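# Observations on the model geometry
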Amino acid sequence: YHIKQYNKGDIIFHGGDRSDCAYIIESGQVEIFVESTGAIIDILSEGELFGEMGVLDQSPRSTSAKAITALTLLEVRTAQITNRLAESDPIVKALVGVLLKRFRSMLPSSNTSNNLLLDQVASVIEQAGLSKFKLESELRTAINQGDVQTVFQPIHDIQDDRIAGFEALSRWSHPTRGFISPVEFIALAEETDLIIEVGDLVFSRAIELLARLPDHVFININVSSKQLDDDQFLNRVLQKIKSHGISPNRLKLEITETMVVDFNLARKWLKKCQDIGFPVCADDFGTGHSGMEQLVELCFDVLKVDQVFIRNMNKSKRHQTILQTIAMMAKQLQTQLVAEGVEVAEQLKTLKDLGFDYGQGYLFGKPMLEADVLQLQF
Ligand code: C2E
Ligand code: CA
Ligand code: CA
Ligand code: CA
């Protein structure tokens, strides 16, 4: 960090100068003004930021800055700002772009070619952000119009060789873009409150289906942290299962390892769910950074071992040893074990030998529509 001192009356930069850094005022006051007319744009004091505009769009200073008292400034380097902006949400970028453009248009224009460049920069960031805005409102419409569907993938009882339950998965069929993967739209929904609506939708459909299936069949549902933080969410689910006369242990809630950043919070989530009677499943087990610690700290009812372990299990002795150890631990902890991404019979045989309870994957069935689930024999 660079600290710079100025005397009263010193010019910090002139309009037209290269924008190589921004400043935070440590003490004193700064006047932002237009040299040609003498118009004062702003007076800033301690704690305020200035000079960031030229840095943001990499164009020369459009105004001048002068110390109107003795002044101490903290220099903020261009990279510190542009790196942050580059990493930020496209919508934030778009908003910054729009604000910059609007603010610049209010200043007396000094250099037209410069404004042209600015317009280009602003429109690139605007497009990136606005297309996301657009997708977000399209998702909202899709939810309301029923274009977000729920499909159900069989979860197979490996030891008894029969269908035990299903995992509910969301699908969005977009009118022009076609099928959009949940990996894309769930992430988008999670950034907004739309995940609450998608979640409520999935729960409603799963519960309606459960009501039409034999009592021993269960459905797993993916939940995200926003839902678990929403106090009303579990109450709504509870209302729905009550009105359909369904036992809560038929709904298993899947929490991914990446959601668990704070064990105290996760413990509260588990307690909330388990107090009602919903079993909780650790999804994508083994892919996060806290797998072992998670097992110690949290009492999951089910462990769902991630597909990468299953895909590679017959490739090396090492992979099998790890799976064997996970299976032993699960047995000791009285946690049920599910293998995800089971695609070939050879994998199934190994999983059966290792004592896995359940398997899910294309070998048993792809995610299917409700109508097709109802055709199955249980
Ligand atoms: P996930 O919870 O790990 O779901 C399993 C994913 O693996 C699904 O992808 C499923 O279609 C796919 N899969 C199942 N069997 C096999 C197999 O044998 N081989 C291979 N290669 N893949 C298999 P999908 O449906 O694309 O979902 C992706 C992720 O999106 C899910 O991962 C889940 O995290 C999330 N997701 C989907 N629907 C919802 C939802 O309604 N709510 C929330 N919060 N997340 C959801
Ligand atoms: Ca899952
Ligand atoms: Ca998974
Ligand atoms: Ca996954």
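Now for a look at the structure at hand. In this text, all values refer to a predicted model and were calculated from it rather than measured experimentally. (Residues numbered from 1 in each chain as written. Chains lettered and ligands numbered in written order. Predicted model: local features only at pLDDT ≥ 70, side-chain atom pairs only at ≥ 80, totals over all residues. Heavy atoms only, no water.)

Turning to the overall build of the protein chain, a few remarks are in order. Helix and strand content of the protein chain: 14 helices and 17 strands. In terms of C-alpha radius of gyration, the protein chain reaches 28 Å, well past the compact-globule figure of 21 Å for 378 residues. When the 378 residues of the protein chain are sorted by exposure, 46% land in the buried category. Restricting the contact set of the protein chain to residue pairs at least 6 apart, pairs at least 24 apart contribute 71%. Element-wise, carbon and sulfur atoms account for 52% of the exposed surface of the protein chain, whose accessible area totals about 19400 Å². (Helix = DSSP H or I, 4+ residues; strand = E, 2+ residues; numbered from the N terminus. Rg over C-alpha atoms; globule rule 2.2 N^0.38 Å. Buried < 20%, exposed > 50% of the residue type's maximum accessible area, 1.4 Å probe, protein only. Contact = heavy atoms within 4.5 Å. Areas by Shrake-Rupley, 256 points an atom, 1.4 Å probe, with all protein chains shown as cover.)

Moving on to the coordination of the calcium ion (ligand 2). The calcium ion (ligand 2) binds to the protein through Glu167 (OE), Asn222 (OD1), Glu254 (OE) and Asp283 (OD); the donor distances cover 2.1 to 2.3 Å. Donor residues for the calcium ion (ligand 2), ordered by position in the chain, follow E-x54-N-x31-E-x28-D. The calcium ion (ligand 3) is placed at 3.9 Å from the calcium ion (ligand 2), the two being bridged by Asp283. Of this pair, Asn222 sits in strand β12 (residues 218–222) while Asp283 sits in strand β14 (residues 280–285), placing them 61 residues apart in sequence. (Donors = N, O, S within 2.8 Å, 3.2 Å for Na, K, Ca; no water.)

Attention now moves to the site of ligand 1. In the region of ligand 1, 20 residues are neighbours, and Ser170, Arg171, Gln307, Glu343 and Tyr362 sit closest. With respect to ligand 1, the side chain of Ser170 contributes an N or O atom lying 2.6 Å from an oxygen atom. Using a 2 Å cut-off from the grid points, one finds that ligand 1 occupies the largest pocket. Ranked by residue count, the leading element in the shell around ligand 1 is strand β10 (residues 162–174), at four residues. Considering only residue class, the shell around ligand 1 consists of eight nonpolar, six polar and six charged. (Near = heavy atom within 4 Å. Polar contact = N/O pair within 3.5 Å; in protein donor to acceptor, adjacent residues only side chain to side chain. 1 Å grid on protein atoms, 1.4 Å probe; cavity = no way out; pocket = protein on both sides within 12 Å on 5 of 7 lines; lining within 4 Å. Sits in = over half its atoms within 2 Å of the grid points. Nonpolar A, V, L, I, M, F, W, Y, C, P; charged D, E, K, R; others polar.)

Both trends apply: most residues other than glycine have a negative phi, and most peptide bonds are in trans. Of note in this structure, Asp161 is not a glycine but carries a positive phi near 55°. Here Asp161 is to be found in the loop between β9 (148–157) and β10. Of note, the phi angle at Gln334 is positive, near 55°, even though the residue is not glycine. Its place among the elements puts Gln334 in the loop between α12 (317–332) and β16 (336–340).

The calcium ion (ligand 3) binds to the protein through Asp283 (OD), Asp284 (OD), Glu340 (OE) and Glu340 (OE), with metal-donor distances spanning 2.2 to 2.5 Å. Each donor residue of the calcium ion (ligand 3) lies on one chain, and together they are spaced D-D-x55-E. According to the relative accessible area criterion, Asp283 is buried, its value standing at 5%.

With that settled, the discussion passes to the side chain of Arg250. Its location among the elements puts Arg250 in the loop between α8 (231–243) and β13 (251–256). A distance of 3.0 Å separates the side chain of Arg250 from the backbone oxygen of Leu210, its partner in a polar contact. Of note is the side chain of Arg250, whose polar atom sits 2.9 Å from the backbone oxygen of Pro214. Excluding residues within four positions of it along the chain, Arg250 makes contact with Leu210, Leu213, Pro214, Asp215, Val217, Phe218 and Ile219.

This brings us to the pattern of salt bridges. It is possible for side chains bearing opposite charge to pair when their charged atoms get close. Under the criterion given, the structure shown has 14 salt bridges. One salt bridge in this structure joins Glu184 and Arg177, with 3.3 Å as the shortest N-O distance. Arg177 sits in the partly exposed class, given a relative accessible area of 46%. In this structure, the salt-bridge partner of Asp231 is Lys272, at a minimum N-O distance of 3.6 Å. Pair noted here: Asp231 is in helix α8 and Lys272 is in helix α9 (residues 263–276), with a separation of 41 residues, a long-range link. Take Lys272: its relative accessible area is 30%, and that puts it in the partly exposed class. One network of salt bridges, in which partners are shared, links Glu167, Glu254, Lys304 and Glu340. (Salt bridge = Lys/Arg side-chain N within 4 Å of Asp/Glu carboxyl O.)

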